[in-house]
Amino acid sequence: MAKPFIKWAGGKTQLLPQLRAAAPQRIATYYEPFLGGGALFFALQREGRFERAVLSDSNAELIEAYTQVRDSVDDLVGALAVHQRKYRGAQGGAEYYYRIRAKRPACAVGRAARLIFLNKTCFNGLYRVNSSGQFNVPHGSYTNPTICDEEGLRAASEALRGVELRCADFTEAIATAESGDFVYCDPPYVPLSETANFTAYTATNFNTADQQRLAAAAASARERGVDVLLSNSGHPEVAQLYRDAGFQLDTVNAMRAINSNGAERGAVREYLIRAG
């Protein structure tokens, strides 16, 4: 069965029961403008809930990786097999990791393989870039990680067949959604603390103004008859923003492992936000 082929901070695999329950049973077009690992997409695709899908993200590297999984899975599997062999053959793997992190392959397959390799071997599977857009996550501690999951990649490729992939801002990505469609938004969260502020998925961080733009875009889609569902942190500012816009907030608990303070890792409160 197809499932996420990449780890992503804030991934929704553990919340799939709640998300699937909140999603419509019949969907004309499924939109996910903050794609990440795409856990809900793969779950709904397995159930045959939508007729078509439009998946997007502002992270160009991520969308390129999805495109190569969809269109060039044979070449991608070959490139990842090379990474896996060389990484496992290296002393501890760290030297090979940093050598690949410093490179920028010229071809799309090479770039996609690099992204997936780094994702499987970096600290906590975190994607983070600096102000210049350079990936800067340190090497993680792994013993023989599965870098080339051929079966999983081929299943994901099959699930992505016919899916439209876009590198776009969320407002552009969902502008064409209409009645009968379903939009799920899982943006970078409003941080609950300074140490939880992992929003650097692109060179430009997702800030308060972006959160406000998202709430406005969700309200506009709802007025067009679109079924809208969002996730965000259990921050008071999130509650006020969406309640003022007429949305209903349900509280769920999720285990989160990414925090520079180990004592603060664990269950955290999040919101599922839908039309009231």
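Residues numbered from 1 in each chain as written. Predicted model: local features only at pLDDT ≥ 70, side-chain atom pairs only at ≥ 80, totals over all residues. Heavy atoms only, no water.

Before going further, it helps to spend a moment on the overall build of the protein. Counting secondary structure elements, the protein contains 10 helices and 7 strands. Across its three principal axes, the protein shows a C-alpha extent of roughly 55 × 40 × 30 Å. For the protein, with 276 residues in total, the buried portion stands at 52%. Surface exposure of the protein reaches about 12,700 Å², of which carbon and sulfur atoms provide 46%. Between the centroid of the 31 positive side chains of the protein and the centroid of its 29 negative side chains there is a distance of 6 Å. (Helix = DSSP H or I, 4+ residues; strand = E, 2+ residues; numbered from the N terminus. Buried < 20%, exposed > 50% of the residue type's maximum accessible area, 1.4 Å probe, protein only. Areas by Shrake-Rupley, 256 points an atom, 1.4 Å probe, with all protein chains shown as cover. Lys, Arg positive; Asp, Glu negative; His and termini not counted. Charge placed at Lys NZ, Arg CZ, Asp CG, Glu CD.)

Here we take up unusual backbone geometry. Not every positive phi belongs to a glycine, and Asn124 is a case in point at roughly 60°. Checked against the element boundaries, Asn124 lands in the loop between α6 (108–121) and α7 (150–160). Judged by its relative accessible area of 32%, Asn124 is partly exposed. Although it is not a glycine, Asn144 adopts a positive phi angle of roughly 50°. By relative accessible area, Asn144 is classed as exposed at 52%.

Overall, the prediction assigns the protein a mean pLDDT of 91, with 91% of residues at 70 or greater. Within the model, the stretch residues 197–203 combines pLDDT values under 50 with 26 contacts to residues more than four positions away or in other chains. Under a pLDDT of 50 for its full length, residues 259–264 has, in the predicted model, 9 contacts with residues more than four places off or in other chains. (pLDDT = per-residue confidence, 0-100. Contact = heavy atoms within 4.5 Å.)

All right, on to the domain arrangement of the protein then. Per the domain assignment, the segments making up the protein are domain 1 (13–58 + 168–275) and domain 2 (66–156). Just the C-alpha atoms count here: the centres of domain 1 and domain 2 sit 26 Å apart. (Domains from an automatic or database assignment.)

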